[in-house]
Amino acid sequence: MTEIQATGAASTAGAAEADAFRVIEARELCLTFETNDGPVHALSNVDLAVDRGEFVSFIGPSGCGKTTLLRVIADLEKPTSGSIAVNGMTPEEARRKRAYGYVFQSAALYPWRTIAGNVALPLEIMGLDQAEREERIARNLALVNLAGFERKFPWQLSGGMQQRASIARALAVEPDLLLMDEPFGALDEIVRDHLNEQLNQLWDRTNKTVIFVTHSIPEAVFLSTKIVVMSPRPGRVHDVIDCNLPRVRTLDIRETPEFLAIAHRVRDGLRAGHAYDDQ
Amino acid sequence: MTINKLLKSQGAAVAAVVLILIVIWYLGAAVLNAPFQRDQNERTQQTQTSGAFIEATLNQKRPVLPAPHQVLVEIWNTTVEKRITSKRSLVYHSGITLSSTMLGFVLGTLLGITLAAAIIHVESLERSLMPWIITSQTIPILAIAPMVIVVLNAIGISGLIPKAMISTYLSFFPVTVGVVKGLRSADPMQLDLMRTYSASTFQTFWKLRWPSSIPFLFTSMKVAIAASLVGAIVGELPTGAVAGLGARLLAGSYYGQTVQIWSALLSAAFLAAMLVTIVGVADKAVRRRMGIAR
């Protein structure tokens, strides 16, 4: 709710400078899917503002529209009404300019391409020359600790390594914005903890803006600077919680009172948003 | 090796089936050829022991059903014993049939892929083209083949091309259906991924849809190459029986040469098996190269 006021203040002041740092700006965003069982309100009056360098998590039960909201930002879905800007452009313009990298729930690597070949895919589409491609492949595979696996095929890698390769593929485009849709959802807890730490370091080093969809409270609190709690039917933003933990975090932080307090608030928000349909 | 192990090995299983078929074949030959042998014995006032009678049924000159060894001897005589250039060499006739099979198969596969690519990109084509494609396969090929040959002959095209056209006609269909399915088999997530890269339709096709369709393509090609062979043989029937396995079949039936018919039939079956095997080997090789074979 404070978010809407902040957005309103920025616009009325007409501060172009402030807008320059705003990566995502959504207002009264609605998306309705027409199905045979009648309309489904996937998103209802969603307001959202994300500034450059933030790590924002969308959290909520399934059906709350968190993935849909991410897909609207990525121009994989069109909103029914409301406005949304990505880097000050429409999502379609942003997509055409390859403003973001998208990481899906599963690694979605092409089985007939090696790991290097998979990272090369977006670079080939962008029309980069071979030297540039090779440089970016090496740099980004090193970034996700996959140097030396260039010539392996996806099936030769574990699930966690595959997902890291898909992150390297998204990073190779060199976007300022990274959209991640439950990237660690299919992995076991130990691997997930490890990748959370790596992602936190990656974000700190590269200073990218990250939007991260999850349904894990510890994951959201551990990674984020801001947590957007969403609730279902209709999909809407229930609460926006600031997460002012230190920028670089280790897993130990999850035992601290500050961490637990934020996690508690997230859990309360999820429960409140959920209450009315638990008949 | 225990009996169990023996039964489980594929070679033994194939050998057992072949053995059973040969036994049935011999029994059938003896029964079917018996009436003629009885007639002949009556005419020549001859009495035979049962053993000699059965032996005679399996060694007639123009049997109703030739015995396996007669067919094998005929195949041996017309392949190994004959020069390849001889008009009576089965290798020569197989070669002629094979050339139109291959030409028809290649054209059919290309046509099939082209149609499939058009169908998945232009939605209206699926509704307008698919019914015609399916209808084309419901018409008996025996009805169309003579017309194709006659019409093409009238405009001065004869020889290999008309036969290959009939092979094409039969082989494009499985490829179209299989490749349409294959081109659509790409994971929706991977298609979304292409969209996030703002890839062109062309790039999405070559980098995602085409590689995803390869396993489907090879499965279809196995069906298509066998259909091509059938098409080539059928195409040879109305040409006046000049050359090819179809011509051997036709000539054999004109002159009651059942042994010749059966040896041509077996050659065709062997050729089909070889062609399907070659496509299977190519399938494995391509998959291994692509890294998707496990």
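Residues numbered from 1 in each chain as written. Chains lettered and ligands numbered in written order. Predicted model: local features only at pLDDT ≥ 70, side-chain atom pairs only at ≥ 80, totals over all residues.

With respect to the overall build of chain B
Consideration 1: Along its length, chain B carries twelve helices and zero strands.
Consideration 2: Helices (α) and strands (β) of chain B occur, in sequence order from the N terminus, as α-α-α-α-α-α-α-α-α-α-α-α.
Consideration 3: Taken over the C-alpha atoms alone, chain B extends approximately 90 × 65 × 35 Å along its principal axes.
Consideration 4: For chain B, buried positions account for 33% of its 294 residues.
Consideration 5: Taking the contacts inside chain B whose residues are at least 6 apart along the sequence as the reference set, 75% of them involve residues at least 24 apart. (Helix = DSSP H or I, 4+ residues; strand = E, 2+ residues; numbered from the N terminus. Buried ≥ 20, exposed ≤ 12 C-beta atoms within 10 Å, placed from the backbone. Contact = placed C-beta atoms within 7 Å.)

Focus: the interface of chain A and chain B
Consideration 1: Counting residues at the interface gives 17 residues for chain A, matched by 16 residues for chain B.
Consideration 2: Mapped by element, the contributors of at least two residues to the side of chain A that touches chain B are α4 (91–96) and α5 (115–126) of chain A.
Consideration 3: Along the lines of polarity and charge, the residues of the side of chain A that touches chain B split into twelve nonpolar, two polar and three charged. (Nonpolar A, V, L, I, M, F, W, Y, C, P; charged D, E, K, R; others polar.)

Topic: helix α6 (residues 123–138) of chain B
Consideration 1: In this model, α6 of chain B (16 residues) spans 24 Å end to end at C-alpha, consistent with the 22 Å of a helix rising 1.5 Å per residue.
Consideration 2: Taken across its 16 residues, α6 of chain B has zero buried, putting it largely on the surface. (Expected span 1.5 Å × (residues − 1).)

Observations regarding the domain arrangement of chain B
Consideration 1: Annotation of chain B at the domain level lists domain 1 (3–61) and domain 2 (90–290).
Consideration 2: Taking the mean C-alpha position of each, domain 1 of chain B and domain 2 of chain B sit 37 Å from one another. (Domains from an automatic or database assignment.)

Let's talk about the sheet that holds strand β8 (residues 226–231) of chain A
All names here are of chain A.
Consideration 1: Here six strands make up an open sheet; going across it, the order is β5-β6-β7-β3-β8-β9 and the pairing mixed. Every other strand in the sheet has two partners, leaving β5 (100–103) and β9 (236–242) as the edge strands with one partner each. Each strand axis lies, on average, 15° off the axis of its neighbour in the sheet, ignoring direction.
Consideration 2: As paired elements, β5 and strand β6 (residues 177–181) share four bridges and run parallel to each other. Paired with Tyr100 across the bridge in β6 is Leu177.
Consideration 3: On the sheet, helix α3 (residues 66–73) packs against β3 (55–59), β6, β7 (209–214) and β8 and is oriented at approximately 150° with respect to β7. (Pairing = 2+ DSSP bridges. Axes fitted to C-alpha atoms, helices over the stretch in contact; angles between N-to-C directions.)

What about the nonpolar core?
Consideration 1: By size, the foremost hydrophobic cluster in this structure holds 83 residues, and its most contacted members are Ile73, Ala168, Leu179, Ile211 and Val266 of chain A.
Consideration 2: At seven residues, helix α7 (residues 159–172) of chain A tops the list of elements feeding residues into this core.
Consideration 3: With residues up to four places along the chain from it excluded, the contact list for Ala168 of chain A reads Val119, Asn140, Leu141, Leu143, Val144 and Leu146 of chain A.
Consideration 4: Among the nonpolar cores identified, the runner-up in size contains 42 residues, and Phe105, Ala224, Val259 and Ile261 of chain B belong to it. (Core = buried A, V, L, I, M, F, W, Y, C linked by C-beta atoms within 7 Å.)

Details of unusual backbone geometry
All names here are of chain A.
Consideration 1: Here Arg233 and Pro234 are connected by a cis peptide whose omega angle stands at -5°.
Consideration 2: Considering the arrangement of structural elements, one finds Pro234 in the loop between β8 and β9.
Consideration 3: With a phi angle near 45°, Glu28 is a residue other than glycine that sits in the positive phi range.
Consideration 4: If you trace the backbone, Glu28 turns up in strand β1 (residues 22–35).
Consideration 5: Since 14 C-beta atoms lie within 10 Å of it, Glu28 is described here as partly exposed.
Consideration 6: Although it is not a glycine, Ala108 adopts a positive phi angle of roughly 50°.

Remarks on the environment of Ala269 of chain B
Residue and element names in this part refer to chain B.
Consideration 1: With respect to the helices and strands, the residue Ala269 is situated in helix α12 (residues 258–290).
Consideration 2: On the neighbour-count criterion, Ala269 (11 C-beta atoms within 10 Å) is exposed.
Consideration 3: Along the sequence, Ala269 and Val230 sit 39 residues apart, while their C-alpha atoms lie 9.9 Å from each other.

As for the packing of helix α6 (residues 130–143) of chain A against α7 of chain A
Residue and element names in this part refer to chain A.
Consideration 1: Contact geometry of α6 with α7 gives a least axis separation of 9 Å together with a crossing angle of 135°. Put simply, α6 runs oblique to α7. As for the relative orientation of α6 and α7, their crossing is right-handed in sense. Where α6 abuts α7, its residues Arg136, Ile137, Asn140, Leu141 and Leu143 lie against Ala168, Leu171 and Ala172. (Parallel < 35°, antiparallel > 145°, perpendicular 65-115°, else oblique. Left-handed = near helix turned anticlockwise from the far one by under 90°.)

Details of the confidence of the model for chain B
Low-confidence regions, as indicated by low pLDDT, have predicted coordinates that should not be scrutinised in detail.
Consideration 1: In this model, chain B carries a mean pLDDT of 88, and residues with pLDDT of at least 70 account for 97%.
Consideration 2: Scored by ipTM, the complex comes to 0.82, with pTM at 0.81. (pLDDT = per-residue confidence, 0-100.)

Quick word on the packing of helix α10 (residues 201–236) of chain B against helix α11 (residues 245–254) of chain B
All names here are of chain B.
Consideration 1: Orientation of α10 relative to α11, taken along the N-to-C sense of each, is 50°, at an axis distance of 7 Å. Looking at the two axes, α10 sits oblique to α11. In the crossing of α10 with α11, the sense of the turn from one axis to the other is right-handed. Contacts between α10 and α11 involve Ile233, Val234, Gly235 and Glu236 from the first element and Leu245, Gly246 and Ala247 from the second.
Consideration 2: Of the residues in the contact of α10 with α11, the class split is four nonpolar, two polar and one charged.

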